[in-house]
Amino acid sequence: MSIVYFTVAAIVGYLFGSLSSARFVVRLFAPDEDLSQTEVSVEGSDKKFKFEFISATTVSMHLGSRYGFMTMILDMFKIIIPALMVKYLISGEPYFLVTAAAGMMGHIWPLYYGFRGGRGLLAAYGGMFAVDWIGVFATFIMGMVFGLVALRDVLVAYLSGILFFIPWLWFRTHDINYVIYAVAVNIIMVIATIPEIRQWRKITKEDEKWKDPSSVLNETGMGRGIMKIAKLLGVMKKDDNK
């Protein structure tokens, strides 16, 4: 790989990724809304889960699922567009993988906003779309099944779709560069979500209510959207109205 192309690909991805879709949507539609203070509770529990990031999830909680979905699309496309640009402008080596990974880092640690952004889930899926769009749906479903059915843990369901990038990209490409990219994405994701992992472990140990996926998902607009998809796929029971 050329150091020059590698550096250009990384800078382009990081600068695009640093654009905050959540802040843009809030400034446009609800300029007085403060996303820095976001908490979620579960019915029957006095515990609250605090979100220390600004993302489509927090937009959904403050403004509703419509604006959360808008933010989600923007978060994905700010990774997809530069990654595809690099993919088709620089041939030979997969520099666009560098662009996608750097874009995810920009999303999590944005240059323009004091390095405080989201947690990278949608940015990761945006990168996967540029790599293999079928993998977006395949890994998302595998993650839901593993997290919601096998382990019945919302945080595992949240993270494990990204984990399935590794076997999926090896299966699809048999190219070590793609596997390295998938491993890098997982490392970035885990580092970014350490505060939530610690908080989640603590809250689920202290209160059994938080161990019920349907109760937790029902508390946010995006969570309810995930629950609808899970029910359509048969991952969750349709008669569960929580």
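In this text, all values refer to a predicted model and were calculated from it rather than measured experimentally. (Residues numbered from 1 in each chain as written. Predicted model: local features only at pLDDT ≥ 70, side-chain atom pairs only at ≥ 80, totals over all residues. Heavy atoms only, no water.)

> Would you take a moment to explain the overall build of the protein for this structure?
Scanning the protein from terminus to terminus reveals 13 helices and two strands. Against the compact-globule benchmark of 18 Å for 242 residues, the protein has a radius of gyration of 18 Å, which places it among compact chains. With the C-alpha coordinates aligned to their principal axes, the bounding extent of the protein is approximately 55 × 45 × 30 Å. Taking all 242 residues of the protein together, the buried fraction comes to 49%. Long-range contacts, defined here as pairs at least 24 residues apart, represent 67% of the contacts in the protein between residues at least 6 apart. Within the structure as shown, the protein displays about 12,500 Å² of accessible surface, and the carbon and sulfur contribution to it stands at 64%. Side-chain charges in the protein split into 24 positive and 20 negative, and the spacing between the mean points of these groups amounts to 1 Å. (Helix = DSSP H or I, 4+ residues; strand = E, 2+ residues; numbered from the N terminus. Rg over C-alpha atoms; globule rule 2.2 N^0.38 Å. Buried < 20%, exposed > 50% of the residue type's maximum accessible area, 1.4 Å probe, protein only. Contact = heavy atoms within 4.5 Å. Areas by Shrake-Rupley, 256 points an atom, 1.4 Å probe, with all protein chains shown as cover. Lys, Arg positive; Asp, Glu negative; His and termini not counted. Charge placed at Lys NZ, Arg CZ, Asp CG, Glu CD.)

> Can you help me understand helix H10 (residues 176-192) in this one?
Turn by turn, an α-helix covers 3.6 residues, leaving residues three or four places apart pointing in a common direction. In this model, H10 (17 residues) spans 24 Å end to end at C-alpha, consistent with the 24 Å of a helix rising 1.5 Å per residue. Restricting attention to buried positions, one finds in H10 the residues Tyr178, Val179, Tyr181, Ala182, Val185, Asn186, Ile188, Met189 and Ala192. Contact partners of the buried residues in H10: helix H5 (95-108), helix H6 (121-131), helix H8 (154-163), helix H9 (165-173) and helix H11 (194-206). Backbone nitrogen of Asn177 and a side-chain oxygen of the N-cap are separated by 2.9 Å at the start of H10; the cap is Asp175. (Expected span 1.5 Å × (residues − 1). Polar contact = N/O pair within 3.5 Å; in protein donor to acceptor, adjacent residues only side chain to side chain.)

> How should the nonpolar core be read in this particular structure?
Considering soluble globular proteins, one finds that nonpolar side chains tend to be buried as a cluster. Core analysis: the biggest nonpolar cluster contains 58 residues, and Met104, Leu148, Phe165, Leu169, Tyr181, Trp200 and Trp210 have the highest contact counts within it. The residues touching Leu169, leaving out its near neighbours within four places in the chain, are Met128, Val131, Asp132, His174, Tyr178, Tyr181 and Ala182. (Core = buried A, V, L, I, M, F, W, Y, C linked by side-chain atoms within 4.5 Å.)

> Sorry, what's going on with the packing of helix H1 (residues 3-17) against H5 here?
Helix-helix packing is characterised by the crossing angle of the two axes and by the distance between the axes. The geometry of H1 relative to H5 is characterised by a closest axis approach of 7 Å and an angle of 35° between their N-to-C directions. As H1 packs across H5, the resulting crossing turns out to be right-handed. Where H1 abuts H5, its residues Tyr5, Phe6, Ala9, Ala10, Gly13, Tyr14 and Gly17 lie against Tyr95, Val98, Thr99, Ala102, Gly103, Met105, Gly106 and His107. (Axes fitted to C-alpha atoms, helices over the stretch in contact; angles between N-to-C directions. Left-handed = near helix turned anticlockwise from the far one by under 90°.)

> So what exactly am I meant to see when it comes to the pattern of salt bridges here?
Should their charged atoms come close, side chains of opposite charge can pair. All told, the structure shown has seven salt bridges when counted by the stated rule. For Lys47, the salt bridge identified is with Glu206, shortest N-O distance 3.2 Å. Note that Lys47 is positioned in the loop between strand S1 (38-41) and strand S2 (48-51) and Glu206 in helix H11, a separation of 159 residues in sequence. Relative accessible area serves as the criterion here: at 43%, Glu206 is assigned to the partly exposed category. Each of Lys47, Lys202 and Glu206 takes part in a single network of salt bridges with overlapping partners. (Salt bridge = Lys/Arg side-chain N within 4 Å of Asp/Glu carboxyl O.)

> Please clarify how the side chain of Ser55 should be interpreted in this entry.
Along the chain, the position of Ser55 falls in the loop between S2 and helix H3 (56-63). Polar side-chain contacts of Ser55 include one of 3.2 Å to the backbone nitrogen of Thr57. Excluding residues within four positions of it along the chain, Ser55 makes contact with Ala22, Thr71 and Gly118.

> In this structure, what is going on with the packing of H5 against H6? I would like to understand it.
It is at 9 Å that the axes of H5 and H6 come closest, and there the two elements cross at 165°. The angle between the axes of H5 and H6 places the two elements in the roughly antiparallel class. Between H5 and H6 the crossing geometry is right-handed. Counted together, Phe96, Leu97, Ala100, Met104 and His107 of H5 and Ala123, Ala124, Gly127, Ala130 and Val131 of H6 form the full contact between these two elements. Grouping the constituent residues of the contact of H5 with H6 by class yields eight nonpolar, two polar and no charged. (Parallel < 35°, antiparallel > 145°, perpendicular 65-115°, else oblique. Nonpolar A, V, L, I, M, F, W, Y, C, P; charged D, E, K, R; others polar.)

> Explain H8 to me, please; I cannot follow it from the model alone.
Of all ten residues that make up H8, seven are buried, and the element is covered over most of its length. For H8, the complete set of buried residues consists of Val154, Leu155, Ala157, Leu159, Ser160, Gly161 and Ile162. Those residues of H8 that are buried lie in contact with H6, helix H7 (133-150), H9, H10, H11 and helix H12 (213-217). N-cap assignment for H8: the residue whose side-chain oxygen lies 2.9 Å from the backbone N of Leu155 is Asp153.

> Where do I start with the pairing of S1 in this structure?
If a strand is regular, its side chains alternate between the two faces of the sheet. Side chains of S1 alternate between two faces, with Thr38 and Val40 buried and Glu39 and Ser41 left unburied. The pairing of S1 with S2 spans four bridges and is classified as antiparallel. Bridge pairing in S2 places Ser41 opposite Lys48. Connecting S1 to the next strand, S2, in antiparallel fashion are six residues, including Gly44 with a positive phi near 90°. (Pairing = 2+ DSSP bridges.)

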